[in-house]
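What follows is the residue order along each chain.
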Amino acid sequence: NAGVTQTPKFQVLKTGQSMTLQCAQDMNHNSMYWYRQDPGMGLRLIYYSASEGTTDKGEVPNGYNVSRLNKREFSLRLESAAPSQTSVYFCASDRDQRSEQFFGPGTRLTVL
Amino acid sequence: AQKVTQAQTEISVVEKEDVTLDCVYETRDTTYYLFWYKQPPSGELVFLIRRNSFDEQNEISGRYSWNFQKSTSSFNFTITASQVVDSAVYFCALSDADSNYQLIWGAGTKLIIKP
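Note that the coordinates shown come from a computational prediction; the quantities given were computed from them, not determined experimentally.

**Description of the nonpolar core**
Within the largest apolar cluster, 23 residues are counted, with the highest numbers of intra-cluster contacts made by Trp36(B), Phe77(B) and Tyr90(B). Dropping the residues within four chain positions of it, Phe77(B) is found in contact with Val19(B), Thr20(B), Leu21(B), Trp36(B), Leu48(B), Tyr64(B), Ser65(B), Trp66(B) and Tyr90(B). Counting residues in hydrophobic clusters, the runner-up holds 20 residues, among them Leu13(A), Cys23(A), Leu76(A) and Leu109(A).

Here it is in structure tokens:
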């Protein structure tokens, strides 16, 4: 089992460019999450999907969109990147929202 | 309002010392879940433990132990005989009905183990 995988690992964008971060899990988990972690800080929830077919906003959703493509995959899109979106992005999944979350390796995004 | 407090921003100890990381939480719910995660310098987030509010038994896993005390709303983490590989940022987190069972994260404690 690969667990939670994320692509790409690193990305540099110019202001205004768009990109999609991909996440997949092979643990048959129902819920999936996108977080961002800024230097020296904890995690902040961007969006989550409690189950296939549903998505909800988290603490910091502005500037992002998500798609729960199927039970395995949950993508995060930046339509028009801004320097404030420079961060490390983590995808996570869990069996249900009361269980422990398992995290992907992260994507380090820099917006110039 | 902050619901998980990790008051220790950074702790530095010498290898083989015991160290305790504090976590204080706030919730109005009777059913809730507490978690600890480790983030080593490599950056990944590693799940350590999950505890539900009805289980106040302390947990021991090798050199790691957790003390859950509902009376003081604390879920502290102790590393016995610390090792350099324990150096990491440790996060405590809470999920409850009020947060729709989304994780509420503490700010983290950076633990430095000196050889």
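Next comes the rest of the description.
**Describing the packing of aromatic side chains**
The full count for this structure, using the stated rule, is 22 aromatic pairs over all chains. With a centroid separation of 5.2 Å and 45 degrees between ring planes, the pair formed by Tyr37(B) and Trp105(B) is classed as tilted. With Tyr37(B) in strand E5 (residues 32-39) and Trp105(B) in strand E11 (residues 104-105), this residue pair connects regions lying 68 residues apart in the sequence. Trp105(B) sits in the buried class, given a relative accessible area of 11%. Members of the aromatic cluster, joined through ring pairs, are Tyr33(A), Tyr35(A), Tyr48(A), Phe90(A), Phe102(A), Phe103(A), Tyr37(B), Phe47(B), Phe91(B) and Trp105(B).

**Things to note about the pairing of strand E12 (residues 109-114) of chain B**
Residue and element names in this part refer to chain B. Because side chains alternate across E12, one face comprises the buried residues Thr109, Leu111 and Ile113, and the other comprises Lys110, Ile112 and Lys114, none of which is buried. Bridge analysis of strand E2 (residues 10-14) against E12 gives five bridges, and the strand direction is parallel. Looking at E12, one finds that Val13 is bridged to Ile113. Pairing analysis gives three bridges linking strand E10 (residues 88-96) to E12, with the strands arranged antiparallel. Each residue of the ladder has a partner; that of Val89, found in E12, is Lys110.

**Let's talk about the interface of chain A and chain B**
Listed by partner, the interface residues are 15 residues for chain A and 17 residues for chain B. Overall, the association of chain A and chain B removes approximately 1,500 Å² of surface from exposure, summing both partners, and the carbon and sulfur fraction of that is 54%. Scanning the region where chain A abuts chain B turns up zero salt bridges. Counting across the chain A and chain B interface gives four residue pairs in polar contact (both at pLDDT 80 or more). Looking at the side of chain A that touches chain B, the elements that each hand over two or more residues are strand E4 (31-37) and strand E5 (43-49) of chain A. A class-by-class count of the residues in the side of chain A that touches chain B yields eight nonpolar, five polar and two charged.

**So, the state of the cysteines**
Residues and elements named next belong to chain A. Summed over all chains, the structure comprises two disulfides over all chains. Here Cys23 is linked by a disulfide to Cys91, with a sulfur-sulfur distance of 1.8 Å. The sign of the S-S torsion, about -75 degrees, decides the handedness of the disulfide formed by Cys23 and Cys91: left-handed. Residue Cys23 is found in strand E3 (residues 19-25), and its partner Cys91 is found in strand E9 (residues 87-94); the two are separated by 68 residues along the sequence. The exposure class assigned to Cys91 is buried, which follows from its relative accessible area of 0%.

The rules we used
- Residues numbered from 1 in each chain as written.
- Chains lettered and ligands numbered in written order.
- Predicted model: local features only at pLDDT ≥ 70, side-chain atom pairs only at ≥ 80, totals over all residues.
- Heavy atoms only, no water.
- Core = buried A, V, L, I, M, F, W, Y, C linked by side-chain atoms within 4.5 Å.
- Buried < 20%, exposed > 50% of the residue type's maximum accessible area, 1.4 Å probe, protein only.
- Contact = heavy atoms within 4.5 Å.
- Phe/Tyr/Trp six-rings, centres within 6.5 Å; stacked < 30°, edge-to-face > 60°.
- Helix = DSSP H or I, 4+ residues; strand = E, 2+ residues; numbered from the N terminus.
- Pairing = 2+ DSSP bridges.
- Buried area = accessible area lost by both parts, 1.4 Å probe.
- Salt bridge = Lys/Arg side-chain N within 4 Å of Asp/Glu carboxyl O.
- Polar contact = N/O pair within 3.5 Å; in protein donor to acceptor, adjacent residues only side chain to side chain.
- Nonpolar A, V, L, I, M, F, W, Y, C, P; charged D, E, K, R; others polar.
- Disulfide = S-S within 2.5 Å.

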